[in-house]
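Coordinate inspection notes
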Amino acid sequence: MVSIKSILAWLTWPVVFVGQLAAFDRALSLGFDPGLTLLALTVANMALIAVLELWLPDRPEWVWTRDGQVVNDIVHGVGNVFGDGLGRNALTILFAVIGGKLAAQGNLGFWPSAWPLWGQILVAVLIVDFFDYWKHRAYHAWAIAWPIHALHHNIDRMTVFKGIRLHFLEATVRAVVVYSPLVVLGAPAEVMLWIAALMTFGGSLNHSNLAQNLPRFVHAMLPTQKTHWLHHGKDYTNGGCNFSPLTMLFDHLFGTFRHPLDEPLDEVGIVPDPIPANLPAQLASPLLWPLLMWRAKRRRHGALS
Ligand SMILES: [Zn+2]
Ligand SMILES: [Zn+2]
């Protein structure tokens, strides 16, 4: 028999995601401060999903109220605002050093500003997706980059708070690698804001434990909760799949798409997992990586012998 909860699970994604975008659009048209509006909506969105997760969880055993890392997740999320600022300052300095038009006006003026806003957002989505895809894939493929991204995968459950569990250096790297092409081309602030809105609203839903049913074709087109859960699966720690943040286009093009309805997910996390549970050590983990790996190996040997 079809339960009321399974029917509601078909409504969660469209109602929450489209509702957030509609609220953002309405606030902008009413003249609210765009940056503050985005921040307020992001926090409200996360709070709403956190409450809904308790009532309509996909996996009841992943309830966030029994996760000892919630405070750490939130502190890392706040740290990302600082990390993003670092990246933006680095960009300004970089442009000044490069000189010429970049130093004078901060961009090359190549952006299709005459296009309607939706067309400009589409162009920005493709650019961000391309650079974020390769940045994310590099994190998983390059041993030297993995320590920065490992904290995001050092989890034993998916909850809305895992979307912001990113080392602050990830925000710095994203500002330089992913957003700088938009800045250099001259994308206006409104387009940048819509990209940030799509990223944060989508990220909260995709990491959350809120039950979300979607038709099969949607998983093949957009980064959904289940495509992203599969990305966090223990099986993919060393290879990786479903890297894209906004569409699945580049995963299809570069052969890393896996359909989540064909590959059931068992556990999330990483192997080996050398990251400690305390906040200062987590912040220092990219620097301490060789030491942490040595300690994890010793612990494993100790457990085996
Ligand atoms: Zn990843
Ligand atoms: Zn993730």
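Residues numbered from 1 in each chain as written. Chains lettered and ligands numbered in written order. Predicted model: local features only at pLDDT ≥ 70, side-chain atom pairs only at ≥ 80, totals over all residues. Heavy atoms only, no water.

Section: the overall build of the protein chain
The test is simple: Secondary structure elements are defined from DSSP: runs of H or I of at least 4 residues count as helices, runs of E of at least 2 residues count as strands, and each element is numbered from the N terminus. For the radius of gyration, the atoms used are the C-alpha atoms, and the globule rule reads 2.2 Å times the number of residues raised to 0.38. Any residue under 20% of the maximum accessible area for its type is buried, any over 50% is exposed, and the rest in between are partly exposed; the area is computed with a 1.4 Å probe on protein chains only. Charged residues are defined narrowly, with Lys and Arg counted positive, Asp and Glu counted negative, and His plus the chain ends left uncounted. In this description, the location of a charge corresponds to atom NZ of lysine, CZ of arginine, CG of aspartate or CD of glutamate.
When helices and strands are counted, the protein chain shows twelve helices and zero strands. Listing each helix as α and each strand as β along the protein chain from the N terminus yields α-α-α-α-α-α-α-α-α-α-α-α. Radius of gyration (C-alpha) of the protein chain: 20 Å, near the 19 Å computed for a compact globule of 305 residues. A burial count over the protein chain gives 50% of its 305 residues as buried. A gap of 6 Å separates the mean positions of the 21 positive and 20 negative side-chain charges of the protein chain.

Points about the domain arrangement of the protein chain
Going by this rule: Either an automatic procedure or a domain database provided the assignment from which the domain bounds are taken. Working rule for contacts: check all heavy atoms of both residues, and any pair within 4.5 Å makes them a contact. Once two parts are put together, the accessible area they lose, assessed with a 1.4 Å probe and summed over both, is termed the buried area. In what follows, salt bridge is the name for a side-chain nitrogen of Lys or Arg lying within 4 Å of a carboxyl oxygen of Asp or Glu. Whenever two N or O atoms come within 3.5 Å, that pair is a polar contact, provided that in protein one can donate a hydrogen and the other can accept it, and provided that, for residues adjacent in sequence, both atoms are side-chain atoms. Side-chain classes follow a simple rule in which Ala, Val, Leu, Ile, Met, Phe, Trp, Tyr, Cys and Pro form the nonpolar group, Asp, Glu, Lys and Arg form the charged group, and the remainder, Gly included, forms the polar group.
Splitting the protein chain by domain gives domain 1 (4-271) and domain 2 (275-305). Each partner contributes residues to the interface: domain 1 has 14 residues there, and domain 2 has ten residues. Where domain 1 abuts domain 2, roughly 960 Å² becomes buried across the two surfaces, and 66% of that area is made up of carbon and sulfur atoms. Our count for the contact surface shared by domain 1 and domain 2 stands at zero salt bridges. Across the contact surface, domain 1 and domain 2 share six residue pairs in polar contact (both at pLDDT 80 or more). The residue inventory of the side of domain 1 that touches domain 2, partitioned by class, reads eight nonpolar, five polar and one charged.

Overview of the packing of helix α7 (residues 168-185) against helix α8 (residues 189-207)
Test applied: To obtain an axis, a line is fitted to C-alpha atoms, over the contacting stretch when the element is a helix, and the angle between two such axes runs from 0 to 180 degrees between their N-to-C directions. Should an angle fall under 35 degrees it is called roughly parallel, over 145 degrees roughly antiparallel, and 65 to 115 degrees roughly perpendicular, with every other angle called oblique. Left-handed is the label given to a crossing in which the near helix is rotated counterclockwise from the far helix by less than a right angle, and right-handed is the label when the rotation is clockwise.
Following both chains from N to C, one finds α7 and α8 inclined at 140°, their axes separated by 11 Å at the closest point. The angle between the axes of α7 and α8 places the two elements in the oblique class. Taken as a pair, α7 and α8 cross one another with a handedness that is right-handed. Across from R174, Y179, L182 and V183 in α7, the residues of α8 making contact are M192, I195 and M199. Of the residues assigned to the contact of α7 with α8, the class counts are six nonpolar, no polar and one charged.

Digging into the packing of helix α1 (residues 4-29) against helix α2 (residues 34-55)
With their axes 10 Å apart at the nearest point, α1 and α2 run at an angle of 165° to one another. Taken as axis vectors, α1 and α2 run roughly antiparallel relative to one another. Of the two possible hands of crossing, α1 and α2 adopt the one that is right-handed. Packed against α1, whose contacting residues are K5, L8, V16, Q20, A23, F24, A27 and L28, the element α2 presents P34, T37, L38, L41, N45, I49, L52 and W55 at the interface. Residues of the contact of α1 with α2, tallied by class, amount to twelve nonpolar, three polar and one charged.

Observations concerning the pattern of salt bridges
Throughout the structure, instances matching the rule amount to ten salt bridges. Among the salt bridges present, the one from D132 reaches R174, with a minimum N-O distance of 3.2 Å. In this pair, D132 sits in helix α5 (residues 117-141) while R174 sits in helix α7, placing the two residues 42 residues apart along the sequence. Across the pair R157 and D156 runs a salt bridge whose closest N-O atoms are separated by 3.0 Å. On the accessibility criterion, R157 (10% relative accessible area) is buried. Here the salt bridges do not stand alone but share partners, grouping D67, D73, K162 and R165 into one network.

Focus: the coordination of the zinc ion (ligand 2)
What counts, and what does not: Distances decide who is a donor: an N, O or S atom must be within 2.8 Å of the metal, or within 3.2 Å for Na, K and Ca. Water is not included, so sites may look incomplete. Note on geometry labels: four donors, all angles 85 to 135 degrees, give tetrahedral; four donors become square planar and six octahedral when opposite donors are over 155 degrees apart and every other angle is between 65 and 115; remaining cases are irregular.
Taken together, H152 (NE2), H207 (NE2), H228 (NE2) and H232 (NE2) make up the protein donors of the zinc ion (ligand 2), found 2.0 to 2.1 Å from the metal. Geometry at the zinc ion (ligand 2) is irregular, judged from its four donor atoms and the angles of 88 to 159° they form at the metal. Between the donor residues of the zinc ion (ligand 2), the gaps in sequence give the motif H-x54-H-x20-H-x3-H. The metal-metal distance between the zinc ion (ligand 2) and the zinc ion (ligand 1) comes to 5.7 Å. Highlighted residues: H152 in helix α6 (residues 146-153) and H228 in helix α10 (residues 225-231), separated in sequence by 76 residues. Take H152 and H228: they sit in the same class, and that class is buried.

A few points about the coordination of the zinc ion (ligand 1)
Donor atoms from the polypeptide that bind the zinc ion (ligand 1) are H136 (NE2), H140 (NE2), H149 (NE2), H153 (NE2) and H231 (NE2), placed at 2.1 to 2.2 Å. For the zinc ion (ligand 1), all donor residues lie on one chain, and their spacing in sequence is H-x3-H-x8-H-x3-H-x77-H.

Topic: a nonpolar patch on the surface
Counted only if it meets this: What goes into a patch is any residue over 30% in relative accessible area without a salt bridge, connected to like charges within 9 Å or, for nonpolar side chains (Val, Leu, Ile, Met, Phe, Trp, Tyr), within 5 Å. To be clear on the numbers: accessible area is Shrake-Rupley with a 1.4 Å probe, and residue cover counts the displayed protein chains and nothing else.
Together, L126, F130, F131, W134, V176, V177, L249, L253 and F254 make up an exposed nonpolar region whose accessible area comes to about 710 Å². Elements that contribute at least two residues to the nonpolar patch include exactly α5, α7 and α11 (249-253). Element by element, the count of residues in the nonpolar patch is highest for α5, at four residues. By the secondary structure assignment, V177 is in helix α7.

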